[in-house]
Amino acid sequence: MSDTGNSLLIFGMGYTAGYLADILRGQGWKVTGTRRSGDAHNLAFADRESVLAAINSATHILSSVPPDRDTGADPVLDNYGAAIAQAKLAWSGYISATGVYGDTKGAWVDESAPIGGGRRTARAEADENWQKLRSDMWVFRLPGIYGPGRSVFERLQKGVARRIDMPGQVFSRCHVADIASGIIAGFTGPAGAYNLSDDLPCAQNLVLEYACALSGAPLPPLQSVEQAELSPMARKFYSENRRVANGKAKRLLNWQPQYPTYKQGLQDIWNAQSKT
């Protein structure tokens, strides 16, 4: 694939960003990433001189780094926000989370809703600060992320999947391939905040049950939150209940999820696993 002349700098080369990077490199993009410690393919985040040079040479910049768990500060904004604000870029983006909306008691929520009222106050503050950093900023709010190597199948194999007795509890999710395609669609769509989620918010138990039906794994017993001995973070996750609407991304970015429900996504993952 020939060089497109596009250069993307990604802060935080994790699961989703790495998936996106692989796609773009296959399309002829130059993609540079940062990690806490550098390696053969990524810059060390603290190597300020190299990171500033990468900012100045990039056409596109994306941050997928969440706020610090202890301080709530956004390390990218604190260390490189001024340089990003002044850079001559064709595009700039930030990966946020739908947790910024807080608990809606299972009701639908879209980008017009206020943020910052839930447990993710630091994330909501970062979300707002990234939007203020540049007038041409794309913010992608993501729900639960799943995909190859990171799905309910792995939790079943490890014996850590839990079926929780919480009637009426609903979550949204999105396949990593659809997140990547949504971000790419944002390269040519109008700036702003976008939810990237599938079309079928549902109880996590339904996802687990479908995965068991596909794989033949035994269905975990139905447990209360107390019986499941969930971590404090997991308990906070289950304390919120919402359905995330994706209509804005469909209308303005012309984005359509390849996996509109968890069934198509899990079927594709299982088919790929069965071939190996």
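Check the entry above for the structure.
Residues numbered from 1 in each chain as written. Predicted model: local features only at pLDDT ≥ 70, side-chain atom pairs only at ≥ 80, totals over all residues. Heavy atoms only, no water.

Draft legend 1. Expanded view of the packing of helix α1 (residues 15–26) against helix α6 (residues 176–186). Two elements in contact, α1 and α6, have axes whose closest approach is 9 Å; the angle formed by their N-to-C orientations is 60°. Every pair of crossing elements has a handedness; the one defined by α1 and α6 is right-handed. In contact with Tyr 15, Thr 16, Tyr 19, Leu 20, Ile 23 and Leu 24 of α1, α6 contributes Val 176, Ala 177, Ile 179, Ala 180, Ile 183 and Ile 184. Residues of the contact of α1 with α6, tallied by class, amount to 11 nonpolar, 1 polar and no charged. (Axes fitted to C-alpha atoms, helices over the stretch in contact; angles between N-to-C directions. Helix = DSSP H or I, 4+ residues; strand = E, 2+ residues; numbered from the N terminus. Left-handed = near helix turned anticlockwise from the far one by under 90°. Contact = heavy atoms within 4.5 Å. Nonpolar A, V, L, I, M, F, W, Y, C, P; charged D, E, K, R; others polar.)

Draft legend 2. Quick peek at the nonpolar core. Ranked by size, the top nonpolar core spans 26 residues in total, and within it Leu 8, Val 31, Phe 140, Ile 183 and Leu 196 carry the most contacts. Broken down by secondary-structure element, the contributors of at least two residues to this core are β1 (7–11), α1, β5 (91–97), β7 (138–142), α6 and α10 (247–253). Contact partners of Leu 8, with chain neighbours within four places excluded, come to Leu 20, Leu 24, Trp 29, Lys 30, Val 31, Thr 32, His 60, Ile 61 and Leu 62. By size, the runner-up hydrophobic cluster in this structure holds 21 residues, among which are Leu 9, Tyr 80, Tyr 94 and Trp 130. (Core = buried A, V, L, I, M, F, W, Y, C linked by side-chain atoms within 4.5 Å. Buried < 20%, exposed > 50% of the residue type's maximum accessible area, 1.4 Å probe, protein only.)

Draft legend 3. Quick peek at the pattern of salt bridges. Within the structure shown, the criterion is met by 6 salt bridges. A salt bridge links Arg 242 to Glu 240; the shortest N-O distance between them is 2.8 Å. Here Arg 242 and Glu 240 have matching classes, each one buried. (Salt bridge = Lys/Arg side-chain N within 4 Å of Asp/Glu carboxyl O.)

Draft legend 4. Structural context of the pairing of strand β11 (residues 192–195). Alternating positions in β11 separate into two faces, Gly 192 and Tyr 194 on one and Ala 193 and Asn 195 on the other, with burial throughout. Taken together, the 4 bridges between β7 and β11 define a ladder with parallel strand orientation. Counterpart to Phe 140 in the pairing with β11 is Tyr 194. (Pairing = 2+ DSSP bridges.)

Draft legend 5. Focus on the sheet that holds β1. What the 7 strands build is an open sheet, ordered β3-β2-β1-β4-β5-β7-β11; its pairing is parallel. Here the strands that pair on one side only, and so sit at the sheet edges, are β3 (42–44) and β11. If you compare each strand with its neighbour and ignore which way they point, the axes differ by 20° on average. Direction of pairing for β1 relative to strand β2 (residues 30–35): parallel, over a ladder of 5 bridges. Each residue of the ladder has a partner; that of Ser 7, found in β2, is Lys 30. Lying on the sheet, α1 is in contact with β1, β2, β4 (60–63) and β5; it crosses β1 at an angle near 170°. Against the sheet, α6 engages β4, β5 and β7, with an angle of about 165° to β7.

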